[in-house]
Amino acid sequence: MSPSEAPAEATEVTEVTRVTATRPSAGRHTVALFISELRLVFGRARTQVGLGVLAAVPLLIGIAIKLSGNSGGAEGFIGQVAGNGLFLIVASLGLSLPFFLPTAVTVISGESLAGEASLGTLRNLLTAPAGRSRLLAAKMVALTVFCLVATMTIWVSGLIVGFILFPVGDVLLLSGSTVSLGEGLLRALVIALVISLSLLGLAAIGLFVSSLTSTPLAAMAATFGTFIVLGIMTAIPQLHAIHPWLLMYRWQSFADVLRDPPYWHEIGRNLLLQAGYVAVFYTAAWARITSRDIT
Amino acid sequence: MGVAQRSRRWLVPVATVAVVAGVGTLGPVVADASPKLPSITAQDLLAKVQTAKVDGLSGTVRSEADLGLPAIPGMAPGSRELTDLLSGQHTARVAFASPDKARVSLIDNQAEQLWTTDGTSAWAYDSSKREATKLTLPAHKTAKPEKALPKAYDPQAVAKQFLDAIDPTTKVQVSGTEKVAGRDAYKLRLVPKTDKTTVGSVTLAIDSKTWVPLDVTVMPRTGNDPAVELGFTSVSFDVPAASSFTFTPPKGVKVTDQKVPAAREHPESAPPNRGKPVKPGKPGAERPDKPTVIGTGWDSVAMIRGANAAGLASNPAAGPLAQLLAKAPTVQGSWGRGKVLTTKMVSALITDDGRVFVGLVTLDTLQAAAAKAPR
Amino acid sequence: MSAPVVTRGLTKRFHGGQVAVDAVDLEVPAGSVYGFLGPNGSGKTTTIRMLLGLIAPTSGEVELLGEPMPKAHLRVLPRVGALVEGPAFYPFWTGQANLLRFDAADRTADPKTRKARAGEALERVGLSNAAGKKVRAYSLGMRQRLAIAVALMQRRELLVLDEPTNGLDPQGTREVRHLIRDLAGDGTTVFTSTHLLAEVGQVCTHAAIMNRGKLLRQSTVADLRAELRPRLVVRTPDLGAAAETLQGLGVTELKTTEETVEGDPGELPIEKFAAALVAADVRIHGFGLERPSLEDTFVALTGEGFDVAE
Ligand SMILES: Nc1ncnc2c1ncn2[C@@H]1O[C@H](COP(=O)(O)OP(=O)(O)O)[C@@H](O)[C@H]1O
Ligand SMILES: [Mg+2]
């Protein structure tokens, strides 16, 4: 049955009054799977709780600073929160980066393929047919969107809490110059974007690990273990020769957005490194998922 | 789909690893391939360098020093000054405009330190402390305001120091071309003829259009990694706008005023650590004495009086430096007795009578200098 | 039209070295209801997985709807409805949401009619009332129906159903069998595996018998039945005399139970036996020819009972 003759054939079959008789031509509704994938990720209570925890980070930091009455003694962005609520966004993003955000990414990415395999829904998807490469792409896209939503959750929550609890105004940059509140918000938005892109390498590692097993918990544990090991390696000075290759080596460079003018070099290097990790682990996940026996 | 076909899929990620690793390691090398330039003699090149004159420039400078110094135990990461001075990588954004405008901002991890002057006043700003210091500069001409600023991030100044040191003890040659900060440059290589120094070679990359040194690389006598590399990663010879040298202290920043005395000394005569990125403008780090230089050229040694080495070494509680000294070997000679610290580049001798000898020389040379030195 | 399912020398050896499917040649005629019969562990599910491209054969070939699998799976599988190895769903989603997701995975499925088709499929399997319930709250039978509904989301040329009546109550089993007959009536070829002999007898036009990974027989159900000769069964208290008489008439494979004497009547017409028995004063309580069951067929083919293969 070729796509072009499908409608004609449908009208010929006499007893067919059902909608199942119409058959659209192939390749037209590619995005449906991607949308469905987003529903799967964001519709789960687990994801929503995780995002809730991330949204609580600025709230907790803000309340702590408010209660301690600290008027800016601390170094770094935290010390600037009391003077300008906008810095609550930056401080919350910075403080979530070493642990909260990677944990969330680990859980979601470890679940991605292993979860489908353990439920058995993977075989339903593949006989639908989703296509193994396309399913993998949908998973990676959903992970990318998750990384974005996770950092944006902190951004929005930091904005609300910061504006309620603290005075806001022009933003002092690291270089000692000042920009308007609007530009400060925009720069904080760029930071959120940079941080979410920084998480993609870890997401790809999680996706690959998830393609290896049918036990989501094992995939999460292995991904998180990898993250910890990379973190330890980053902290060992004797390994400085390989440091530039380590996933989190340039994670802190997001702050370069707050220089005057923004210093993009390190951020660019970080994003290139993330792209390298994504390329390697995504293709590895592809090799695995397209050759795997789905039982 | 056969097993063989399936395992062939793994070639894709393997190839990706190769490509990523290749781009990561070889990419910069390929990009920096030697440009074709008309040949030039070392003498001509040196002459051009000495007459190089630019009205202004801005760019990013990167320094990397590996002097092989031991990590000093118990140094908190916060107390950056000492470790900073001697090792690690640093990036700074610099801008100069003749005659007396300059700006250097040292890019730190989530922080920045800024020095800027527009000729009449100078500012220092530390983002981590959110403190600004205003230096009011003396009116008369002898003390150029620019001297209050860190020269170490100006490759031109650093290169000039090396050029001053060129004398019959050094072999000078043009050793090829390279691309630095996207510009075509000649490589000028200086090799000490003496084997008393720890310096293997010094290579300058000199811009083929403006004759400004863009990069300095110091190789130790032993080993393949540069001891010091300082150079532009990006540079523009457009004169920066005057507004980029002014500083307006923002709200909420603590400002202290400081007057610069007109006759302030700058230890410019052959500092023992030449070629290293020195972070200057550090108050309270004055040397106990003005150093005396023994010898000339590569094997010159600086002597500083007034260090209480014996006292420090016998009291480990006095700090991490003291702990380091306590572990250092003791040597004796006609000059007396003292402790030595040696690294792949720098040697230091701290005598019990409180003199410190430092140089980019071997230990033997250092002891010989000590014997000649006035007590 | 070529056979919707063809395999040649299909073999699967798992990593442990166990041969789960051993050189199986299937040919499923178009329009048939093809019963894929075998005890648990005989390799039915493994074969179906290879048919659908879920696992790669160790050797051999699969052709589905005239195209090679798994190479052409993106072209072929939209025309195939499948249920493999029991129902599998997202327990935290409703039955309807599950249907929508699996349908969305097929890029040839029309999103505009998706909801309507889901509603129809749910109705056909009798789950309309449970459509909005989370699958977590479904019974095994309901999940099995939902799995069949997934296969019915679109008009298919071929249905591959792995033990579709597993976990259903007798009423549900009857409904599913009815549904299969319905679908076959629409011209859909149905390939259904089962470990229940009765099922094949009731709904299938064709049957294949698997045992320990090997395909033992493949033919129409009628042929399978006919293959075993009918047996002459005489119900009588005079067992000895009856056996003697029958033997005299050339009946072979004589077997005596507590109340009956049975045997292969050979070519003689049946009335001759009745006359001879009466003549020999054998009291006849019952008399006739009995058709063998499929179970007998299976036993005859394998020389063993219909138990789990090891
Ligand atoms: N993934 C697997 N790894 C190893 N052996 C398997 C796997 N799947 C099935 N088997 C074995 O293959 C044989 C056939 O299994 P299966 O096809 O599921 O049988 P059926 O569906 O007829 O009950 C069984 O002995 C089973 O243990
Ligand atoms: Mg089975």
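Computed from a predicted structure; not experimentally measured.

Enquirer: Can you lay out the overall build of chain A for me, pointing to particular residues and giving the numbers?
Expert: A tally of regular secondary structure across chain A gives 12 helices and 2 strands. Starting at the N terminus and ending at the C terminus, chain A contains elements arranged as α-α-α-α-α-α-α-α-β-β-α-α-α-α. A burial count over chain A gives 54% of its 295 residues as buried. Contacts spanning at least 24 positions in sequence make up 75% of the contacts within chain A whose residues lie at least 6 apart. Surface accessibility of chain A: about 11,400 Å² in total, with carbon and sulfur atoms responsible for 70%.

Enquirer: Could you give an account of the packing of helix α8 (residues 132–165) of chain A against helix α10 (residues 200–212) of chain A, naming the residues involved and the relevant values?
Expert: Each pair of packed helices can be summarised by the angle the axes make with each other and by the distance between the axes. Residue and element names in this part refer to chain A. Relative to each other, α8 and α10 sit at 145 degrees, their axes nearing to 10 Å. Where α8 crosses over α10, the two elements pack in a sense that is right-handed. Contact with α8, carried on its side by Leu-136, Lys-139, Met-140, Leu-143, Thr-144 and Cys-147, involves Leu-200, Ala-203, Ala-204 and Leu-207 of α10 and no other residues of that element. Considering only residue class, the contact of α8 with α10 consists of 8 nonpolar, 1 polar and 1 charged.

Enquirer: An account of the sheet that holds strand β9 (residues 189–194) of chain C is needed here, citing residue identities and associated values.
Expert: Residues and elements named next belong to chain C. On the basis of which strands lie adjacent, the open sheet formed by 6 strands has the order β7-β8-β9-β4-β10-β11 and mixed pairing. Looking at which strands have only one partner, the edges of the open sheet turn out to be β7 (80–83) and β11 (214–220). Neighbouring strand axes in the sheet, compared pairwise and without regard to direction, differ in orientation by 10 degrees on average. Note that strand β8 (residues 158–162) and β9 share 5 bridges and pair parallel. Its bridge partner lying in β9, Leu-161 is registered against Thr-192. Helix α1 (residues 44–51) contacts β4 (33–37), β8, β9 and β10 (206–211) of the sheet and is inclined by roughly 145 degrees relative to β9.

Enquirer: Could you give an account of the UniProt feature "transmembrane region" (unreviewed entry) in chain A, naming the residues involved and the relevant values?
Expert: Residues and elements named next belong to chain A. With numbering matched to this structure, UniProt assigns "transmembrane region" (unreviewed entry) to residues 49–69, 81–101, 141–166, 186–210, 217–239 and 271–289. Between the end C-alpha atoms of residues 141–166 there is a gap of 37 Å, over a span that is 96% helix and 0% strand. Along residues 217–239, the helical share is 83% and the strand share 0%, with 31 Å between the first and last C-alpha atoms.

Enquirer: Could you give an account of the side chain of Thr-197 of chain B, naming the residues involved and the relevant values?
Expert: Residues and elements named next belong to chain B. Relative to the elements of secondary structure, Thr-197 occurs in the loop between β8 (183–192) and β9 (199–207). At a separation of 3.0 Å, a polar atom in the side chain of Thr-197 contacts the main-chain amide nitrogen of Val-199. From its side chain, Thr-197 meets the backbone oxygen of Leu-360 in a polar contact 2.6 Å long. Discounting residues that sit within four places of it in the chain, Thr-197 has contacts with Pro-192, Arg-221, Trp-298, Leu-360 and Val-361.

Enquirer: Report on the interface of chain A and chain C, specifying residues and quantitative values.
Expert: On the side of chain C, 45 residues touch chain A, which itself brings 42 residues to the contact. A salt bridge links Lys-12 of chain C to Asp-293 of chain A; its shortest N-O distance comes to 2.8 Å. In this assembly, chain A and chain C are joined by 16 residue pairs in polar contact (both at pLDDT 80 or more). Among the residues forming the side of chain A that touches chain C, the class breakdown is 17 nonpolar, 11 polar and 14 charged.

Enquirer: Talk me through the domain arrangement of chain C; I want residue IDs and the actual numbers.
Expert: Examined at the domain level, chain C breaks down into domain 1 (5–226) and domain 2 (231–291). Each of domain 1 of chain C and domain 2 of chain C was reduced to a C-alpha centroid, and the two centroids are 45 Å apart.

Enquirer: Let's hear about the pattern of salt bridges: which residues, and what values?
Expert: Opposite charge on two side chains lets them pair, provided their charged atoms get close. This model, assessed by the stated rule, comprises 28 salt bridges over all chains. Of the charged contacts in the structure, one is a salt bridge between Asp-184 of chain B and Lys-179 of chain B, with a shortest N-O distance of 2.6 Å. Asp-184 of chain B gets classed as partly exposed once you look at its relative accessible area, which sits at 22%. Shared partners join several salt bridges into a network, and the residues in it are Glu-37, Glu-116 and Lys-139 of chain A together with Arg-101 of chain C.

Enquirer: Break down a nonpolar patch on the surface for me, citing the residues and quoting the values.
Expert: All names here are of chain A. Where nonpolar side chains cluster on the molecular surface, the patch consists of Val-49, Val-53, Phe-99 and Phe-100 and spans about 360 Å² of accessible area. With respect to the helices, strands and loops of the structure, Phe-100 is situated in helix α6 (residues 100–119). Residue classification places Phe-100 among the partly exposed positions, given a relative accessible area of 36%.

Enquirer: Describe the sheet that holds strand β14 (residues 301–305) of chain B, and please don't skip the residues or the numbers.
Expert: Residue and element names in this part refer to chain B. Across the sheet, which stays open at both edges, the 6 strands sit in the order β13-β14-β18-β17-β16-β15 with antiparallel pairing between neighbours. The two strands at the open ends of the sheet, each matched to only one other strand, are β13 (292–294) and β15 (330–333). Shown here is a sheet whose adjacent strand axes are inclined to one another by a mean of 30 degrees, direction ignored. Two elements, strand β16 (residues 336–342) and strand β17 (residues 347–351), share 5 bridges in a ladder whose sense is antiparallel.

Enquirer: So what's going on with the environment of Ala-142 of chain A? Which residues, and what values?
Expert: All names here are of chain A. Along the chain, Ala-142 turns up in helix α8. Its relative accessible area of 2% is what places Ala-142 among the buried residues. Residues within four places of Ala-142 in sequence aside, it is in contact with Glu-37, Leu-38 and Val-41.

Enquirer: Please set out helix α3 (residues 45–68) of chain A residue by residue, giving values where relevant.
Expert: Residues and elements named next belong to chain A. A rise of 1.5 Å per residue sets the reference length of α3, with its 24 residues, at 34 Å; its end C-alpha atoms lie 34 Å apart and thus fit the reference within 8%. For α3, the principal kink sits at Ala-56 and spans about 25 degrees; a proline, Pro-58, occurs within the next four residues. Within the span of α3, buried status applies to Thr-47, Leu-51, Leu-54, Val-57, Pro-58, Ile-61, Gly-62 and Ile-65. At the exit of α3 stands Gly-69, carrying a positive phi of roughly 65 degrees.

Enquirer: Explain the packing of aromatic side chains residue by residue, including any values.
Expert: A complete count under the given rule lists 19 aromatic pairs over all chains for this structure. An angle of 75 degrees between the planes, with centres 6.4 Å apart, marks the rings of Phe-208 of chain A and Trp-10 of chain B as edge-to-face. Pair noted here: Phe-208 of chain A is in helix α10 and Trp-10 of chain B is in the loop between α1 (3–8) and α2 (11–31), and the two residues belong to different chains. Trp-10 of chain B sits in the partly exposed class, given a relative accessible area of 31%. Ring plane angle 45 degrees and centroid distance 5.2 Å describe the contact between Trp-123 of chain B and Phe-247 of chain B, whose orientation is recorded as tilted. Taken together, the residues span a long stretch of sequence, with Trp-123 of chain B in strand β5 (residues 121–126) and Phe-247 of chain B in the loop between β11 (228–236) and β12 (254–259) at a distance of 124 residues. Judged by its relative accessible area of 10%, Phe-247 of chain B is buried. Taken together, Phe-99, Phe-100, Phe-224, Phe-227 and Trp-251 of chain A form an aromatic cluster joined through their ring pairs. Here Arg-44 of chain A stacks its cationic end above the ring of Phe-92 of chain C, 4.1 Å away from the centre of that ring.

Enquirer: Break down the site of ligand 1 for me, with residues and values.
Expert: Residues in contact with ligand 1, as listed here, are Thr-295 of chain A together with Phe-14, Gln-18, Ala-20, Pro-39, Asn-40, Gly-41, Ser-42, Gly-43, Lys-44, Thr-45 and Thr-46 of chain C. Among the chains of the assembly, those with residues near ligand 1 are chains A and C. Within the contact set of ligand 1, an oxygen atom lies 2.8 Å away from a side-chain nitrogen or oxygen of Gln-18 of chain C. Computed on the free molecule, ligand 1 has an accessible area of 560 Å², of which 69% lies beneath the protein chains in the complex. By residue number, the principal contributor to the shell around ligand 1 is α1 of chain C, which donates 3 residues.

Enquirer: Give me the lowdown on the nonpolar core, citing residues and values where you can.
Expert: In terms of nonpolar packing, the biggest core is built from 86 residues, with Leu-52, Leu-64, Val-80 and Phe-191 of chain C touching the most fellow members. Broken down by element, the residue count for this core peaks at 7 residues, all from helix α5 (residues 140–151) of chain C. Filtering out sequence-adjacent residues up to four positions away, Phe-191 of chain C remains in contact with Leu-26, Val-28, Tyr-34, Phe-36, Ile-48, Leu-51, Leu-158, Leu-159, Val-160 and Leu-161 of chain C. Within the second largest apolar cluster, 71 residues are counted, among which are Ile-108, Phe-146, Val-209 and Phe-227 of chain A.

Enquirer: So what's going on with the pairing of strand β2 (residues 19–24) of chain C? Residues and values would help.
Expert: Residues and elements named next belong to chain C. Summarising the sheet, strand β1 (residues 5–13) and β2 pair through 3 bridges and their orientation is antiparallel. When the bridges of β2 are listed, Lys-12 appears paired with Val-21. The antiparallel pairing of β1 with β2 creates a hairpin that spans 5 residues between the two strands, and Gly-17 there sits at a positive phi of about 100 degrees.

Enquirer: Could you give me a rundown of the packing of α8 of chain A against helix α9 (residues 181–198) of chain A, with the residues and numbers involved?
Expert: Residue and element names in this part refer to chain A. Closest axis-to-axis distance for the α8/α9 pair is 8 Å, and the angle between their directions is 150 degrees. On the basis of their axis angle, the class for α8 and α9 is roughly antiparallel. Handedness of the α8/α9 crossing: right-handed. Touching Cys-147, Leu-148, Thr-151, Met-152, Trp-155, Leu-159 and Phe-163 of α8 are Leu-181, Leu-185, Ala-188, Leu-189, Ala-192, Leu-193, Ile-195 and Ser-196, all from α9. Taken together, the residues that form the contact of α8 with α9 break down as 13 nonpolar, 2 polar and no charged.

Enquirer: Tell me what's going on with the confidence of the model for chain A, and back it up with residues and numbers.
Expert: All names here are of chain A. In this model, chain A carries a mean pLDDT of 87, and residues with pLDDT of at least 70 account for 88%. No element of chain A has a lower mean pLDDT than helix α1 (residues 6–12), which averages 37, and none a higher one than α10, which averages 96. Low confidence marks residues 1–22, where pLDDT is under 50. Its contacts with residues over four positions away, or in another chain, come to 27 contacts.

About the thresholds
Residues numbered from 1 in each chain as written. Chains lettered and ligands numbered in written order. Predicted model: local features only at pLDDT ≥ 70, side-chain atom pairs only at ≥ 80, totals over all residues. Heavy atoms only, no water. Helix = DSSP H or I, 4+ residues; strand = E, 2+ residues; numbered from the N terminus. Buried < 20%, exposed > 50% of the residue type's maximum accessible area, 1.4 Å probe, protein only. Contact = heavy atoms within 4.5 Å. Areas by Shrake-Rupley, 256 points an atom, 1.4 Å probe, with all protein chains shown as cover. Axes fitted to C-alpha atoms, helices over the stretch in contact; angles between N-to-C directions. Left-handed = near helix turned anticlockwise from the far one by under 90°. Nonpolar A, V, L, I, M, F, W, Y, C, P; charged D, E, K, R; others polar. Pairing = 2+ DSSP bridges. UniProt positions renumbered as here; feature names shortened; annotations may be inferred. Polar contact = N/O pair within 3.5 Å; in protein donor to acceptor, adjacent residues only side chain to side chain. Salt bridge = Lys/Arg side-chain N within 4 Å of Asp/Glu carboxyl O. Domains from an automatic or database assignment. Patch = residues over 30% accessible without salt bridge, like charges linked within 9 Å, V, L, I, M, F, W, Y side chains within 5 Å. Expected span 1.5 Å × (residues − 1). Bend = angle between axes of the 7 residues up to and from the residue. Phe/Tyr/Trp six-rings, centres within 6.5 Å; stacked < 30°, edge-to-face > 60°. Lys NZ or Arg CZ within 6 Å of the ring centre and 35° of its normal. Near = heavy atom within 4 Å. Core = buried A, V, L, I, M, F, W, Y, C linked by side-chain atoms within 4.5 Å. Parallel < 35°, antiparallel > 145°, perpendicular 65-115°, else oblique. pLDDT = per-residue confidence, 0-100.

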